[in-house]
Amino acid sequence: MIWRRTLTTSTVATSALKQKKKWDAIVIGGGHNGLISAAYLARAGLSVAVLERRHIIGGAAVTEEIIAGFKFSRCSYLLSLLRPQIIRELELKRHGLKLLKPMASSFTPSLDGRYLLLGQSDEMDHSEISKFSKRDADAYFRYEAQLQKFSKLLDFVLDSPTPEILHGSASTVDLLRHKLQRSKFWAQCLGHTLSLGQKGMVDLMELLLSPTSKVLDKWFESNLLKGTLAGDAIIGSMMNINTPGSGYVLLHHIMGETDGDRNIWSHVEGGMGAVSLAICRAAKEAGVHIETDKEVLKVMVAESGRANGVLLADGTEVHSSVVLSNATPYKTFMELVPRDFLPVEFLCAIKHSDYSSGTTKINVAVDKLPQFPCFKINNTEVGPQHTATIHIGFESMEEIISACQDACNGIPSQRPVMEMTIPSSLDDTISPPGKHVISLFTQYTPYKPSNGSWDNAAYRESYAQRCFNLIEEHAPGFCSSVIGYDMLTPPDLEREIGLTGGNIFHGAMGLDSLFVMRPVKGWSNHKTPIKDLYLCGSGSHPGGGVMGAPGRNAARIVLQEFKNRY
């Protein structure tokens, strides 16, 4: 299997891990953030080793050949949020990263025979939306412009370590340096804020604090347009679009870019594992040692309260000056770190953080492209609708609300909402000729259903078939085209990928768990109550998605600490 061969490590690296007496840095977890941290640290001259529990590097950004000939982006499935400076600084394109822009960004078929296709051009977007509402067509571009204006402010926040308070004693020099850094952050933040003007700031606060439903009802009247746009507010969460604060998640998912073009979600040639592979190559070029099949059992902490390495499941001790954890905050502090070294209030906050998830990922191998009669063009050729994110079950906001309510009542959604993508429509390297790979990101599925168990094969099959039947309503013949599929429920995502609760963001992205509140109040700058232990994963600022900002920001903090220490 090609991805296993490419992304696993050799016995040479294993020998190096055992022979070296002490590393400058050990990174727990070879997900994209861990690899990014490692690459930046090594480029600065530190000796770094990355330890990955699975047989494959990449965490949730992996490509796996589950069905012979079909290579699935098993968890994450599109790229937009990866920070452009990371792509540039680590030269990821030189290391093989190739982005494939879709011909259209969004396709929403409707059971009444109509459809909404967006993202081909401004003129075509206006024409498409005008089919439903001329008023909405005019408002859409003002709406997009406002969100892009807000994104510029958030760019600064995403790429900056938080202005966290200092813990413990510090020298006068350290206090002065920290005060200067905080003052610089707030001065720059104020500058970006003032550029919005008072009206812009009020509009931003309204978006951040309001329910998504209220925001979209204010802007638009078409049910199909509102349902399509509302999908960005619920991805990966158990959040309802009527929940105050859900507007931030909407903004979080539109602030990415591809080659400078905002809000373009691209496929990656070779699948999402190619992103991790490119970062892996950059890290190895910088001198990073990367190990797979190396499960960390615990972080070793000296009596002084400083982390000084890790203990592997096979009994091997690996010593280091600092440890960075790319695991979830819950996994790190509730399972890997000796609790005696952690404040009670800190442990309580970590334990009771929101790790709930409503996500089940289904990867499907099919023998033909799905055809949507509403699109009127029925042939076997790839069209713009096939390259877009296809929204199934998003015909109105009420459908999303109903699907979420089912899960709140303890059962998987009777009519799930799904983001459907067909990466093989643009990438001929991941499926046999004439056949295709389909990704279904489905919601809502509770971690522990009240009417069955995900451990039951028949129960799992019934949910998958429910999703396939819903697609069949829009694309007749889909069910008969299915060759096979792979399914990851919330417990599967937790067990196989290491995502606590199955939460793809390493923890909820509500306003109470962002910025200086992420992962918990008082510890947002990647440091932890354990000296020389840092968080570099999505559970730290600025949050989840294949963004890389947590990894880059954590590396900057560690390098500053090394500079001050030595």
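Residues numbered from 1 in each chain as written. Predicted model: local features only at pLDDT ≥ 70, side-chain atom pairs only at ≥ 80, totals over all residues. Heavy atoms only, no water.

**Student:** Sorry if this is basic, but what is going on with the overall build of the chain here?
**Tutor:** Check the secondary structure of the chain and you find 19 helices and 20 strands. Radius of gyration (C-alpha) of the chain: 23 Å, near the 24 Å computed for a compact globule of 566 residues. With respect to the three principal axes, the spread of C-alpha positions in the chain is 70 × 55 × 50 Å. Residues counted as buried form 61% of the 566 residues belonging to the chain. Accessible area for the chain stands at about 21,900 Å²; split by element, carbon and sulfur atoms hold 53% of it. Across the chain, the mean location of the 58 positive side-chain charges is 6 Å away from that of the 58 negative side-chain charges. (Helix = DSSP H or I, 4+ residues; strand = E, 2+ residues; numbered from the N terminus. Rg over C-alpha atoms; globule rule 2.2 N^0.38 Å. Buried < 20%, exposed > 50% of the residue type's maximum accessible area, 1.4 Å probe, protein only. Areas by Shrake-Rupley, 256 points an atom, 1.4 Å probe, with all protein chains shown as cover. Lys, Arg positive; Asp, Glu negative; His and termini not counted. Charge placed at Lys NZ, Arg CZ, Asp CG, Glu CD.)

**Student:** Help me understand the side chain of Glu-395, please; the structure alone is not making it clear to me.
**Tutor:** One can find Glu-395 in the loop between strand E16 (389–392) and helix H15 (397–408). Summary of buried charges: Glu-395 has no salt-bridge partner, and the nearest side chain of opposite charge, Arg-415, is 5.9 Å away. Polar contacts involving the side chain of Glu-395 include one to the side chain of Ser-110, which spans 2.8 Å. Among the polar contacts made by the side chain of Glu-395, one reaches the main-chain amide nitrogen of Leu-111 at a distance of 3.2 Å. Not counting the four nearest positions on each side in its chain, Glu-395 is found in contact with Pro-109, Ser-110, Leu-111, Asn-223, Leu-224 and His-474. (Salt bridge = Lys/Arg side-chain N within 4 Å of Asp/Glu carboxyl O. Polar contact = N/O pair within 3.5 Å; in protein donor to acceptor, adjacent residues only side chain to side chain. Contact = heavy atoms within 4.5 Å.)

**Student:** Got a minute to help me understand the layout of surface pockets in this structure?
**Tutor:** The probe, sized like a water molecule, is rolled over the atoms to show the empty space still left. Approximately 1,200 Å³ is the volume attributed to the second largest pocket. As for the second largest pocket, its lining consists of 44 residues, of which Gln-181, Lys-527, Ile-557, Gln-560 and Glu-561 are closest to the centre. Among the elements of the structure, helix H3 (32–43), helix H7 (172–209), strand E20 (533–535) and helix H19 (549–565) are those that each provide at least two residues to the lining of the second largest pocket. Ranked by the residues each element gives to the lining of the second largest pocket, the list is headed by H19, at nine residues. Class assignment of the residues belonging to the lining of the second largest pocket gives a composition of 17 nonpolar, twelve polar and 15 charged. (1 Å grid on protein atoms, 1.4 Å probe; cavity = no way out; pocket = protein on both sides within 12 Å on 5 of 7 lines; lining within 4 Å. Points joined across faces, edges and corners; volume = space filled by probe spheres on them. Nonpolar A, V, L, I, M, F, W, Y, C, P; charged D, E, K, R; others polar.)

**Student:** I tried to follow the state of the cysteines on my own but got confused; where do I start?
**Tutor:** Disulfide: a covalent bond connecting the sulfur atoms of a pair of cysteines. A complete count under the given rule lists zero disulfides for this structure. No disulfide involves Cys-404; its sulfur sits 4.1 Å from that of Cys-408, the nearest cysteine. (Disulfide = S-S within 2.5 Å.)

**Student:** What should I look at first to understand helix H13 (residues 344–351) in this one?
**Tutor:** Every α-helix carries 3.6 residues per turn, so stepping three or four residues along brings you back to the same face. Listing the buried residues of H13 in full gives Phe-346, Leu-347 and Ile-350. Take H13 and look down its axis: the buried residues cluster within an arc of 95°, on one side only. Relative to its buried face, H13 has exposed residues pointing more than 90 degrees away, namely Val-344 and Glu-345. Buried positions along H13 lie against helix H12 (329–336). (Arc of directions from axis to C-beta.)

**Student:** Can you walk me through a nonpolar patch on the surface in this structure?
**Tutor:** Together, Met-205, Leu-209 and Leu-511 make up a nonpolar patch on the protein surface, roughly 250 Å² of accessible area in all. Structurally, Met-205 is set in helix H7. (Patch = residues over 30% accessible without salt bridge, like charges linked within 9 Å, V, L, I, M, F, W, Y side chains within 5 Å.)

**Student:** What is the right way to read helix H11 (residues 273–285) from this model?
**Tutor:** For H11, spanning 13 residues, the distance from its first C-alpha to its last is 18 Å, which sits close to the expected 18 Å at 1.5 Å a residue. A large share of H11 lies buried, amounting to ten of its 13 residues. Gly-273, Ala-274, Val-275, Ser-276, Leu-277, Ala-278, Ile-279, Cys-280, Ala-282 and Ala-283 are the residues of H11 that are buried. (Expected span 1.5 Å × (residues − 1).)

**Student:** Just to check I follow, could you spell out the nonpolar core for this structure?
**Tutor:** Generally speaking, soluble globular proteins have nonpolar side chains that are buried together. Counting 48 residues, the largest nonpolar core has Tyr-143, Leu-147, Phe-220, Leu-225, Leu-251, Ile-400 and Tyr-444 as its most contacted members. Considering each element in turn, this core owes the most residues, nine residues, to helix H6 (residues 134–158). Discounting residues that sit within four places of it in the chain, Phe-220 has contacts with Arg-135, Asp-136, Ala-139, Tyr-140, Tyr-143, Leu-225, Lys-226 and Leu-229. Among the nonpolar cores identified, the runner-up in size contains 43 residues, and Ile-87, Leu-99, Met-272 and Ile-290 belong to it. (Core = buried A, V, L, I, M, F, W, Y, C linked by side-chain atoms within 4.5 Å.)

**Student:** I'm lost on empty space enclosed by the protein in this one. Help?
**Tutor:** Enumeration according to the criterion identifies three cavities of 30 Å³ or more in this entry. Forming the walls of the largest cavity are Tyr-143, Gln-146, Leu-147, Asp-203, Glu-206, Leu-207, Val-215, Lys-218 and Trp-219. Sorting the residues of the lining of the largest cavity by element identifies H6, H7 and helix H8 (212–219) as the ones contributing at least two each. In terms of residue class, the lining of the largest cavity is made up of five nonpolar, one polar and three charged. Roughly 50 Å³ of volume is contained in the second largest cavity. The wall of the second largest cavity is formed by Phe-72, Ser-73, Tyr-77, His-267, Lys-361, Asn-363, Thr-421, Pro-423, Val-437 and Ser-439.

**Student:** I would appreciate a short explanation of the pattern of salt bridges in the present structure.
**Tutor:** Here the structure, examined in full by the defined rule, presents 26 salt bridges. Its salt-bridge partner being Asp-155, residue Arg-83 comes within 3.2 Å of it at the nearest N-O pair. Highlighted residues: Arg-83 in the loop between strand E4 (70–73) and helix H4 (84–89) and Asp-155 in helix H6, separated in sequence by 72 residues. Exposure remark for Arg-83: the relative accessible area of 5% places this residue in the buried category. The partner of Glu-285 in a salt bridge is Arg-94, with the nearest N and O atoms 2.7 Å apart. Within this pair, whereas Glu-285 is found in helix H11, its partner Arg-94 is found in the loop between H4 and strand E5 (99–100), the two being separated by 191 residues in sequence.

**Student:** How do you make sense of the sheet that holds strand E17 (residues 417–421) when you look at a structure like this?
**Tutor:** What links the strands of a sheet is backbone hydrogen bonding, and the strands pair in either a parallel or an antiparallel sense. Strands sit in the order E7-E6-E16-E17-E18-E15-E19 across an open sheet of seven strands; the sheet is mixed. The strands lining the two open edges of the sheet, one partner per strand, are strand E7 (115–118) and strand E19 (482–488). Taking each pair of neighbouring strands and ignoring which way they run, the sheet shows an average axis angle of 20°. Note that E17 and strand E18 (residues 436–443) share five bridges and pair antiparallel. Looking across to E18, one finds that Glu-419 is bridged to Phe-441. (Pairing = 2+ DSSP bridges. Axes fitted to C-alpha atoms, helices over the stretch in contact; angles between N-to-C directions.)

**Student:** Got a minute to help me understand the pairing of strand E3 (residues 63–67) in this structure?
**Tutor:** Within a regular beta strand, the side chains point alternately toward one face of the sheet and then the other, so they alternate between its two faces. Across three bridges, the pairing between E3 and E4 is antiparallel. Residue pairing across strands places Ile-67 opposite Phe-70, the latter belonging to E4. Between the antiparallel neighbours E3 and E4 lie two residues, among them Gly-69 with a positive phi of about 90°.

**Student:** Whenever I open this one, the confidence of the model for the chain confuses me. Can you help?
**Tutor:** Do not read the predicted coordinates in detail wherever pLDDT is low. When the pLDDT values of the chain are averaged, the result is 92; 96% of them are 70 or greater. A low-confidence stretch, residues 1–11 stays under pLDDT 50, and its non-local contacts, those more than four residues away or across chains, total 22 contacts. (pLDDT = per-residue confidence, 0-100.)

**Student:** Which parts of the structure should I look at to understand the packing of H3 against H19?
**Tutor:** One way to put it is that H3 packs onto H19 with a least axis distance of 7 Å and a crossing angle of 35°. Considering only the axes of H3 and H19, their crossing is right-handed. Contacts between H3 and H19 pair Asn-33, Ile-36, Ser-37, Tyr-40 and Leu-41 from the former with Ala-549, Pro-550, Gly-551, Arg-552, Ala-554, Ala-555, Val-558 and Leu-559 from the latter. (Left-handed = near helix turned anticlockwise from the far one by under 90°.)

**Student:** Is there a simple way to explain the packing of aromatic side chains in this structure?
**Tutor:** Geometry of an aromatic ring pair is reported as the spacing of the ring centres plus the angle between the planes. Across all of its chains, the model carries 20 aromatic pairs by this definition. Taken together, the ring pairs connect Phe-107, Tyr-115, Phe-372 and Phe-375 into an aromatic cluster. Here the guanidinium or amino end of Lys-20 rests over the ring plane of Trp-23, the centre of that ring lying 5.4 Å away. Sitting over the face of the ring of Tyr-115, Lys-131 holds its NZ or CZ atom 3.8 Å from the ring centroid. (Phe/Tyr/Trp six-rings, centres within 6.5 Å; stacked < 30°, edge-to-face > 60°. Lys NZ or Arg CZ within 6 Å of the ring centre and 35° of its normal.)

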